[in-house]
Amino acid sequence: MEAKVISKQDLATWIDALVKQYEVIAPVTEDGVVVFRQVSGLSEMTIEGMVGPAKSLREHFTPPTETLFDYKLEDLSAEVIPPENEERHRVIFGARACDAATLLYVGAVYSNVEPIDTAYFMRREKTYLVGLFCNKPAWSCFCTEVGDFLTNPVAMDVYLTDLGNRYYAEPLTPKGEELIGLGNFRPADENDKVANEEIRQKALERLPKRAEHETACLSYDWDHPVWTELAKKCLSCGACAFLCPTCHCFDIQEHPKLKKGSRYRCWDTCQFEKFTLMASGHNPRETRKERTRQRVFHKFKYSQERYCMLGCVGCGRCIAACPVNIDIRRVLEELEKTAVAK
Amino acid sequence: MRQKAKELLESGEVKVVIGYGQGSAPFKSTPIFIEKPEDAHKLIWNPTCVNNLTVYLRDACRQGKAAIVVKPCDARSIIELIRENQIERDDVVILAMSCPGVLNLDALAEIDLADVKSVEWHQSGIAIKTNAGETIIPSEKAFASKCLSCELAESPIADKKFGEPIERHPIRSKYADIEELEKMLPKERRAYWARQFARCIRCYACRSVCPGCYCKECFTDKPCQLWVLRSTDVESNWFFHFSRAMHTAGRCIACGECERVCPMGIPLMRLNQKMRKEVREMFGEEAGTNPEAPPTLGTFDLKNDPDPCSE
Ligand code: SF4
Ligand code: SF4
Ligand code: SF4
Ligand code: SF4
Ligand code: SF4
C-alpha cells in the first residue's frame, strides 16, 4: 500500500475527523504520567517528544477490573445479568510497536483453550491501531532483541513516523487506508522516503542488536544461582507484571451486596505470594526465588514451548518501574551465559 | 565504608552487609547483599543510592546479625523497627553515611538517559556526565523533594558514621505539599484524590517498598475481601490508600519510597505528610526520632490524654 504524508498543521483536522466517527484513545499526560485515555482532539494528546514507554495499552484490552456478570438472588434461584457491551469502534492513536506486537501474543494465550476470551476478542475486533514509530527509544527499551516489529510492525492498521514537520504514514491494512482517507494526506515522495529511512536508522542505532534469545531460552537453567540473588532484593510487588503489556493473569472475585452482587475479574500476578496459594494451604511458589523465576521463564521459556513466541516485547517498562532495579536484560544475560555454554 | 564492611564480615560479626551496588544503568543503584569479605568492594555510595534498604532488615536480622548502609532519613526507620519490636538493636550494625541528598530521577527529564555516563555529587547539586559533556543540575531540581526539606545533619542512630555532618538549610517546608491541599474545600480535596486514586493499578509497590508495612498478612490480601475489594474502582482504591495511611500513622518516617516507586505517579507523600502532621499535633511525636519511646498508636496513657472522651 502506498505511503502517504500529512503535515503537522493538518494533523489536528485528521484527528477531529477520527473523533467524529470513532472513540479515539491516545496518550495523555495526567499529573505527569502518560496514560492512554479517550480524547476529543489533538490538543489533549502527548505524542511529541515522548521519550520512552508510556503506560501500555493493556488496560484497553483487559481492564484492571472487569465485571463478568451481575446477579440477583431470589429464594433458591439466581438471575444472571450479563454486562452491557456498548463500546464503539475505536481508534487507538500513537500506540508503540511493542504494544501492538503484544496483541499477537496475548491473542494466542486467550484463544489457546476453549472457551476463548470473548471480551478480549470483542475489544480487539472493535479497535484500529494507529501506531507511532519510536524516534528516540528509551534507555530501557530492547525491542530489537526480541523481534523486528519496530521496523516491520504487526497488528497495526497505520504506522506513523514523525519526520519533524510532517508525519510519514504507512497504511498496513484496508482499514488503515480508510482511516488515512479521512485526513488531508498526500502521496510520499522520494524525499519523504529518504527522511523516513534516516530517522528509522537513527533510532535503531540506539537499540541493542538482535539476540538469539529463542534458542538460548529453551535451555535456561532451572537452578541457576541468579534466582537466589534476585530473590534477595525482589519485593514481590506487582509493578513489573502490572506494567507489562504481555502479562495477562487475572483473579476472579465476587462482590456480594445482600441479595445481589457481581462477579468480576481483576489483574493478578505470579509475583504476589498468594497467587499460587492453594486451598490446602500448600504454595508451590512459596518463596521469591520461585516467583522471580516464574516471571522470566514464563516470558522466555514457557511461552516459546507453548506458542512458539517470546512472551516479552522488550518495552522495558518492568525495567524502568522496578523499585530495586531488577533488569530483565541483565537476568537474561546471566541465564544465557550458562544456557549457551551447555 | 567498604573497609568496615569487609572487617565486619571477616570477623564474623555480621552475616550480611546490606548496601548499594551499581545498578543496570549509571543513574541506578540496586540493593546488594554482601556475604563474603572479598565482595565488599561492590558497595557504592553516590546520589543514585535512593532506596531505603531498611525494608530488608527484618528478614535479614532473622538470619543473624546484619550490617546496613543507611542515609540519615532511612535510619529513622531502624528506630521505628526497634521501637515496634520488629528487630533488636543488638542485631544490627548501622553504617551511617553522611548524605548531601539523593537523585530525583525526574530531574533528568531533559537529559538523554541512554547517554548518561556517571552521576556524582557536586557542590551545587548533582553532576551528570553524558557523551555530550557534563551538566550540573542545581540542588533544588536535582534532589528528591524529601531532601529539600531534610533537617538531619547526620544519622539519628548509628554504630559507625562515615563522612562529615552536613550543615542543613532546608529550602522547603516539610509540609509544603499539603499546604495547597489543606486550603482546598473538602469537595475539591475529594475530587483531587478521586482523580489520583482512579489511576492506581493496585500493584502494591507502595506497600512492598515501605519499611513500615511489615505485617505478615496485609489486610488487602485477606481472602475474605468484603470491605476492601481487589477491584480497581475509585472506592476500593480509596479504601486501600486511607487504610494504609492509617496503618502507617505514627510509624511513617517520610522516606518517600512509596511515592518514588508508584508507577502511576500518585502523590502518596501528601497523605503521609498529612498523617505525620496530625500525629505531631495530636501526640507531640515524630516517628523515627526516639528508639526508647513506645509506639505512638500502640500506647494508651489515660491519665494524660487530652481527649475529653477518655474521661
Ligand atoms: S517483560 Fe518487561 S520488557 Fe518484556 S514486555 Fe513485559 S514489561 Fe516489557
Ligand atoms: S509473568 Fe506472571 S503475571 Fe505475567 S503472565 Fe506470566 S504468570 Fe502471569
Ligand atoms: S517490580 Fe521489581 S521488586 Fe517488584 S516484583 Fe517486579 S522484580 Fe520484584
Ligand atoms: S504503587 Fe501506586 S499504583 Fe501501585 S498500588 Fe501503590 S499507589 Fe497504586
Ligand atoms: S509510608 Fe512511604 S514515606 Fe512512609 S515510611 Fe512507608 S514508604 Fe516511607
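Let me begin by describing the structure that accompanies this report. Treat the numbers as computed from the prediction; the structure is a model and nothing was measured. (Residues numbered from 1 in each chain as written. Chains lettered and ligands numbered in written order. Predicted model: local features only at pLDDT ≥ 70, side-chain atom pairs only at ≥ 80, totals over all residues. Heavy atoms only, no water.)

## Some points on the overall build of chain A
Okay, so step 1: Summing up its helical and strand segments, chain A has 13 helices and 12 strands in all.
Okay, so step 2: Against the globule reference of 20 Å for 342 residues, chain A gives a C-alpha radius of gyration of 22 Å, in line with a compact fold.
Okay, so step 3: By principal-axis analysis of the C-alpha atoms, chain A measures approximately 65 × 65 × 40 Å.
Okay, so step 4: The buried share of chain A, taken over its 342 residues, is 56%.
Okay, so step 5: Within chain A, counting contacts between residues at least 6 apart in sequence, those at least 24 apart form 73% of the total.
Okay, so step 6: Accessible surface for chain A amounts to roughly 15400 Å². Of this, 53% is attributable to carbon and sulfur atoms.
Okay, so step 7: Distance between charge centroids for chain A: 4 Å, based on 45 positive and 50 negative side chains. (Helix = DSSP H or I, 4+ residues; strand = E, 2+ residues; numbered from the N terminus. Rg over C-alpha atoms; globule rule 2.2 N^0.38 Å. Buried < 20%, exposed > 50% of the residue type's maximum accessible area, 1.4 Å probe, protein only. Contact = heavy atoms within 4.5 Å. Areas by Shrake-Rupley, 256 points an atom, 1.4 Å probe, with all protein chains shown as cover. Lys, Arg positive; Asp, Glu negative; His and termini not counted. Charge placed at Lys NZ, Arg CZ, Asp CG, Glu CD.)

## Quick notes on the packing of aromatic side chains
Okay, so step 1: In the structure shown here, the tally under the stated rule is 28 aromatic pairs over all chains.
Okay, so step 2: Three or more aromatic residues joined by ring pairs form one cluster here, namely A:Phe242, A:Trp267, A:Phe272, B:Tyr204, B:Phe219 and B:Phe240. (Phe/Tyr/Trp six-rings, centres within 6.5 Å; stacked < 30°, edge-to-face > 60°.)

## Points about the interface of chain A and chain B
Okay, so step 1: Listed per partner, the contact involves 36 residues of chain A and 40 residues of chain B.
Okay, so step 2: Both faces combined, the contact of chain A with chain B buries some 3100 Å², and carbon together with sulfur accounts for 57% of it.
Okay, so step 3: For the pair chain A and chain B, the number of links is six salt bridges.
Okay, so step 4: We note a salt bridge from B:Glu35 to A:Lys232, for which the minimum N-O separation is 3.6 Å.
Okay, so step 5: Applying the counting criterion to the chain A and chain B interface returns 16 residue pairs in polar contact (both at pLDDT 80 or more).
Okay, so step 6: Sorting the residues of the side of chain A that touches chain B by element identifies strand S3 (33–39), helix H9 (225–233), helix H10 (239–243), strand S11 (250–257), strand S12 (260–267) and helix H13 (328–341) of chain A as the ones contributing at least two each.
Okay, so step 7: In terms of residue count, the dominant contributor to the side of chain A that touches chain B is S11(A) (four residues).
Okay, so step 8: Partitioning the side of chain A that touches chain B into residue classes produces 17 nonpolar, six polar and 13 charged. (Buried area = accessible area lost by both parts, 1.4 Å probe. Salt bridge = Lys/Arg side-chain N within 4 Å of Asp/Glu carboxyl O. Polar contact = N/O pair within 3.5 Å; in protein donor to acceptor, adjacent residues only side chain to side chain. Nonpolar A, V, L, I, M, F, W, Y, C, P; charged D, E, K, R; others polar.)

## Looking at the sheet that holds strand S7 (residues 127–132) of chain A
Strand pairing in a sheet is mediated by backbone hydrogen bonds. Such pairs are either parallel or antiparallel.
Residues and elements named next belong to chain A.
Okay, so step 1: Judged by pairing direction, the sheet is mixed, and its eight strands sit side by side in the order S3-S2-S6-S7-S8-S9-S1-S10 without closing on themselves. In the strand order of this sheet, the two ends are held by S3 and strand S10 (186–187), each with one partner.
Okay, so step 2: One ladder, built from seven bridges, connects strand S2 (residues 23–30) with S3; its direction is antiparallel. Across the sheet, the residue bridging to Ala26 is Arg37, located in S3. (Pairing = 2+ DSSP bridges.)

## Side note on helix H1 (residues 8–21) of chain A
Residues and elements named next belong to chain A.
Okay, so step 1: In a regular helix each residue adds 1.5 Å, so 14 residues correspond to 20 Å; H1 covers 21 Å between its end C-alpha atoms and thus fits that length.
Okay, so step 2: Every buried residue of H1 is accounted for by Lys8, Leu11, Trp14, Ile15, Ala17 and Leu18. The buried side chains of H1 occupy one side of the element, clustering within an arc of 160° when seen end-on. Away from its buried face, by an angle of more than 90 degrees, H1 presents the exposed residues Gln9, Thr13 and Lys20. (Expected span 1.5 Å × (residues − 1). Arc of directions from axis to C-beta.)

## A word on the site of ligand 1
Okay, so step 1: In the vicinity of ligand 1, the contacting residues are A:Phe142, A:Cys244, A:Pro245, A:Lys299, A:Cys312, A:Val313, A:Gly314, A:Cys315, A:Gly316, A:Arg317 and A:Cys318.
Okay, so step 2: Partitioning the shell around ligand 1 into residue classes produces seven nonpolar, two polar and two charged. (Near = heavy atom within 4 Å.)

## Some points on the sheet that holds strand S1 (residues 16–22) of chain B
All names here are of chain B.
Okay, so step 1: Sheet architecture is open: five strands sit in the order S2-S1-S3-S4-S8, paired in mixed fashion. Single-partner strands in this sheet number two, and they are strand S2 (29–34) and strand S8 (160–162). In this sheet, neighbouring strand axes are inclined to one another by 25° on average, regardless of whether the strands run parallel or antiparallel.
Okay, so step 2: Direction of pairing for S1 relative to S2: antiparallel, over a ladder of six bridges. In the strand pairing of S2, Ile18 is matched with Phe33. (Axes fitted to C-alpha atoms, helices over the stretch in contact; angles between N-to-C directions.)

## With respect to the environment of A:Gln9
Okay, so step 1: Structurally, A:Gln9 is set in helix H1.
Okay, so step 2: Once the C-alpha coordinates of A:Gln9 and A:Gly41 are considered, the two residues, 32 residues apart in sequence, prove to be 13 Å apart.

## Side note on the environment of B:Glu84
Residues and elements named next belong to chain B.
Okay, so step 1: Along the polypeptide, Glu84 turns up in the loop between helix H3 (72–83) and strand S4 (92–97).
Okay, so step 2: Residue classification places Glu84 among the buried positions, given a relative accessible area of 13%.
Okay, so step 3: Separated by 213 residues in sequence, Glu84 and Leu297 have C-alpha atoms that sit 10 Å apart.

## Description of helix H9 (residues 234–248) of chain B
Residues and elements named next belong to chain B.
Okay, so step 1: The end-to-end C-alpha separation of H9 is 21 Å, in line with the 21 Å expected for 15 residues at 1.5 Å each.
Okay, so step 2: Along H9, the residues that are buried comprise Ser236, Asn237, Trp238, Phe240, His241, Ser243, Arg244, Ala245 and Thr248.
Okay, so step 3: Looking at the buried positions of H9, the neighbouring elements they touch are helix H7 (186–198), helix H8 (205–208), helix H10 (257–261) and helix H11 (268–283).
Okay, so step 4: Where H9 ends, the next residue or the one after it, Gly250, has phi of about 85°, a positive value.

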